Amino acid sequence: MYPVPVAGSCEFLVTSGSTMAAVEVARQMSEGARNLSLSGHVGFDSMPDQLVNKSVCQGFCFNILCVGETGLGKSTLMDTLFNTRFEGDPAAHNQPGVHIKSNNYELQESNVRLKLSIVNSVGFGDQINKEESYKSIVEFIDAQFEAYLQEELKIKRTLHSYHDSRIHACLYFIAPTGHSLKSLDLVTMKKLDSKVNIIPIIAKADSISKNELQKFKIKIMSELVSNGVQIYQFPTDDETVAEINGTMNAHLPFAVVGSTEEIKIGNKMMKARQYPWGTVQVENENHCDFVKLREMLIRVNMEDLREQTHARHYELYRRCKLEEMGFKDTDPDNKPFSLQETYEAKRNEFLGELQKKEEEMRQMFVMRVKEKESELKEAEKELHDKFDRLKKLHQDEKKKLEDKKKSLDDEINAFKQRKTAAELLQSQAQQSGSQQTLKREKERKNFF
């Protein structure tokens, strides 16, 4: 720090961050302040070093999304790119839809730490009906944007320590058919191009001849352009990388071969794939574009991919979400929008909609109550009618039973009378019979 004398007896300590503020204050305090030029080294040229040291201490994060059909070597390529063997459970491919699987790793090279996330689309292209294969991928990317937006909208934000899970690069693996892109590839890339940086690559490029490979590349780029698919272009605005990036843009899509197996070639151990007809060297640019992909993705443009994700794709998502919430930059009079006014307007609109829905629900409730009451009254009337019918039927049955009982009682009385008369006649007959017997006995006695 260096003292800067001004008119009067005040002194200000000038640092790299407060030089202009101190001079402005001094100018306001005294109109007779002198303009002094710095005659020595101040030190604000160390700001890049400070940023580098701070960034190194915090570490970096990079998230890669691998999209492609099963069996194209996505996991092998990731192992080859970062020169390691990532541990992970093998994914099952018997699910009805596309399943997103994310794995996080901590890598360190020299004194630089990298939080790497590799996201794989398990089961992509395995289904018979591939119409909605892209949906789960799009939903996953939007979910990461939404999580970051929610963190950003908090009152107490911790973005400096927040684990950024937004996808920075999408490696789209294309099957080496040699003909053209599949409809699934075109539809998926079209759905993803506004949400993520797409880098198309031809997987297992050693299964196609060199001439066919060049024609296939031209065919792919032609189809992408004709279908309006926007892929990531390596930036050429920076003079330090403009030449190499411009050259590499002409090599898209990269034809790559991955392998974690090392084979001794000459006096060196090199990553390669051994075939009966020969050896394909992964890091030999005459054999494949693996080195070009590694250079462009990791060594040259990793920070640009992170920046493009935030400045382009995330900002587009954020703008759309805030517009859905009713926020705008200017009002109809082209004046800046007040956040408080916007909140109040949105709150009033929400309360109005809530009251409207409440009134609709109340009216619907009253209508349903009336309908239920009418149904209950109808049911009650039917029950009364049924009760009356049953009561009348019961009375008729009761009357019939009473009449039948009376008839039976009359029959019983008549039967009793007849029985009594018969018993009387029988007793009389018995008495007359006994009298005649006595008379005959008497006559016989008299006879003898």
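Everything below is about the structure printed above this text.
Per chain, residue numbering runs from 1 following the sequence as it is written. Only residues with pLDDT of at least 70 are given local features in this predicted model, and only at 80 or more are side-chain atom pairs given and counted; all residues enter the totals for whole chains, interfaces and linings. Processing note: side-chain calculations cover all non-hydrogen atoms of the structure and skip hydrogens and water entirely.

**Student:** In this structure, what is going on with the overall build of the chain? I would like to understand it.
**Tutor:** Each helix and strand counted, the chain has ten helices and eleven strands in total. Counting across all 448 residues of the chain, residues that qualify as buried make up 30%. Should any heavy atoms of two residues lie within 4.5 Å, those residues are counted as being in contact. Sequence-distant contacts in the chain: of pairs separated by 6 or more residues, those separated by 24 or more amount to 65%. Starting at the N terminus, helices and strands are each numbered in turn, a helix being any DSSP run of H or I of at least four residues and a strand any DSSP run of E of at least two. The buried label applies to any residue whose accessible area, calculated with a 1.4 Å probe on protein chains only, is under 20% of its type's maximum; exposed applies above 50%, and partly exposed to all values in between.

**Student:** Can you help me understand the nonpolar core in this one?
**Tutor:** Side chains of nonpolar character tend, in soluble globular proteins, to be buried together. Buried Ala, Val, Leu, Ile, Met, Phe, Trp, Tyr and Cys residues form a nonpolar core when they are joined through side-chain atoms within 4.5 Å. Counting 74 residues, the largest nonpolar core has Leu171, Leu293 and Leu297 as the members making the most contacts within it. A per-element tally of this core places helix H4 (residues 135-152) first, with seven residues.

**Student:** Can you walk me through helix H9 (residues 302-324) in this structure?
**Tutor:** Since there are 3.6 residues in each turn of an α-helix, residues three or four apart along the chain are aligned in direction. The span you would expect from a helix comes to 1.5 Å times its residue count less one. Along its 23 residues, H9 runs 32 Å from first to last C-alpha, staying within 8% of the 33 Å computed at 1.5 Å per residue. Fitting axes to the seven residues ending at a residue and to the seven starting there, one defines the bend at that residue as the angle between these axes. At tyrosine 314, H9 shows its maximal bend, which comes to roughly 35°. Where H9 is buried, its residues touch strand E3 (60-67), H4, strand E6 (169-174) and helix H8 (290-300). A positive backbone phi angle near 100° is found at glycine 326, which sits one or two residues after H9.

**Student:** Is there a simple way to think about the sheet that holds E3 in this case?
**Tutor:** Across a sheet, strands are paired by hydrogen bonds formed along the backbone, either parallel or antiparallel in direction. A sheet is described by the order of its strands in space; here six strands give the open sequence E4-E5-E3-E6-E7-E8, paired in mixed fashion. Looking along the sheet, the strands with just one partner apiece sit at the ends: strand E4 (99-109) and strand E8 (254-255). Two strands qualify as a pair provided that DSSP identifies no fewer than 2 bridges between them. Inspection of the sheet shows strand E7 (residues 198-202) paired to E8 by two bridges, in the parallel sense. Looking at the pairing, isoleucine 201 lines up with phenylalanine 254 of E8.

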